[in-house]
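Remarks on the overall topology
Here is how the chains run, residue by residue.
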Amino acid sequence: MSAVEYKSITERVKVWLDEDGSTLQIQFNNPDRHNALSVDMWEAVAPLLNTAEGDDRIRLVVFTGAGEKAFVSGADITQFEDMRAAQEAVSRYEQMAEQALMGIYNFSKPTLACIKGYCIGGGVNVAMSCDIRIASTDSVFSIPAARLGLGYRYSALKNLVDLVGPAMAKDLFFTARRIDAKEARDIGLITRVCEPGDLAALQVEYKQALAANAPITVGAGKAIIAEILKASPEIDYDKCRQLIKDCFDSEDYAEGRRAFMEKRKPVFRGK
């Protein structure tokens, strides 16, 4: 396929492909406000993911925050009076944020939140929408909605409950307390923790693994896990069976078998 170009609608969200072309980097770039999410930043996410969805080169999308102090420090509260004061504005803002977050959650390929520093409110929601969350030991997490009087979306609270369970979800949400990276890992909010200087290397570990593994198998696993998280009557078992069949019918499966027999690394093409 011809090369796909990625261009953000705002300077506050940067986007680029890593050197091998298999990883798309999306960076929240509002460091003066600790990468607080402004309206244009929310709006920039969905178009980038829509483009990546059809780009066969992409095996992983990584979300980061610019600078050393924050992943995302929440919503840009300087826009609250304009965007969230009136009922109509609240509805538009919530719809916009929901579209961005569900776009991440429903994206068919793996997503990774690479967290350093503040991960607050909307930042936690972005991270929870990703498949994998890694963080440096100097990261801080909080959901401060109760201190602001905000209503919280069903989808965001469901993601929280799915990750940490209802008891801990109530603890974090009711108290709005801050937790460090170790506690975030212990309760299941994030996956792995490392020293700040090791975060780039840990991200590379995931990039290399996803670039090397069979994308059809990974995609099928992601889709089936999404079905598992649904209520029992809503699970599409036929879809799960078809996804498994697609793996066994793929050229990648034949390549995996041959590589195993020939004692070499497989070269998967997503076909």
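I will try to describe carefully the structure that is included in this document. As the structure is a prediction and not an experimental result, all values here were calculated from the model. (Residues numbered from 1 in each chain as written. Predicted model: local features only at pLDDT ≥ 70, side-chain atom pairs only at ≥ 80, totals over all residues. Heavy atoms only, no water.)

The buried count for strand S7 (residues 132-136) comes to four of five residues, which makes it a mostly enclosed element. For strand S5 (residues 111-115) and S7, the ladder comprises four bridges, and the chain directions are parallel. Across the sheet, Cys114 pairs through a bridge with Ile134, a residue of S7. The sheet contact formed by S7 and strand S10 (residues 192-194) spans three bridges and is parallel. Its bridge partner lying in S10, Ile134 is registered against Arg192. (Buried < 20%, exposed > 50% of the residue type's maximum accessible area, 1.4 Å probe, protein only. Helix = DSSP H or I, 4+ residues; strand = E, 2+ residues; numbered from the N terminus. Pairing = 2+ DSSP bridges.)

Here Ser155 is to be found in helix H6 (residues 154-164). Classification of Ser155 by relative accessible area gives buried; the value is 14%. Those residues in contact with Ser155, other than ones at most four positions away along the chain, are Glu98 and Met102. (Contact = heavy atoms within 4.5 Å.)

Taken together, the side chains of Ile225, Ile228 and Leu229 define a hydrophobic patch exposed on the protein surface, amounting to about 290 Å² of accessible area. Within the fold, Ile225 resides in helix H10 (residues 215-228). (Patch = residues over 30% accessible without salt bridge, like charges linked within 9 Å, V, L, I, M, F, W, Y side chains within 5 Å. Areas by Shrake-Rupley, 256 points an atom, 1.4 Å probe, with all protein chains shown as cover. Salt bridge = Lys/Arg side-chain N within 4 Å of Asp/Glu carboxyl O.)

Sheet architecture is open: six strands sit in the order S1-S2-S3-S5-S7-S10, paired in mixed fashion. A strand with exactly one partner marks an edge of an open sheet, and here the two such strands are strand S1 (13-17) and S10. Here the strands of the sheet are splayed against their neighbours by 20° on average, with no regard to which way each runs. (Axes fitted to C-alpha atoms, helices over the stretch in contact; angles between N-to-C directions.)

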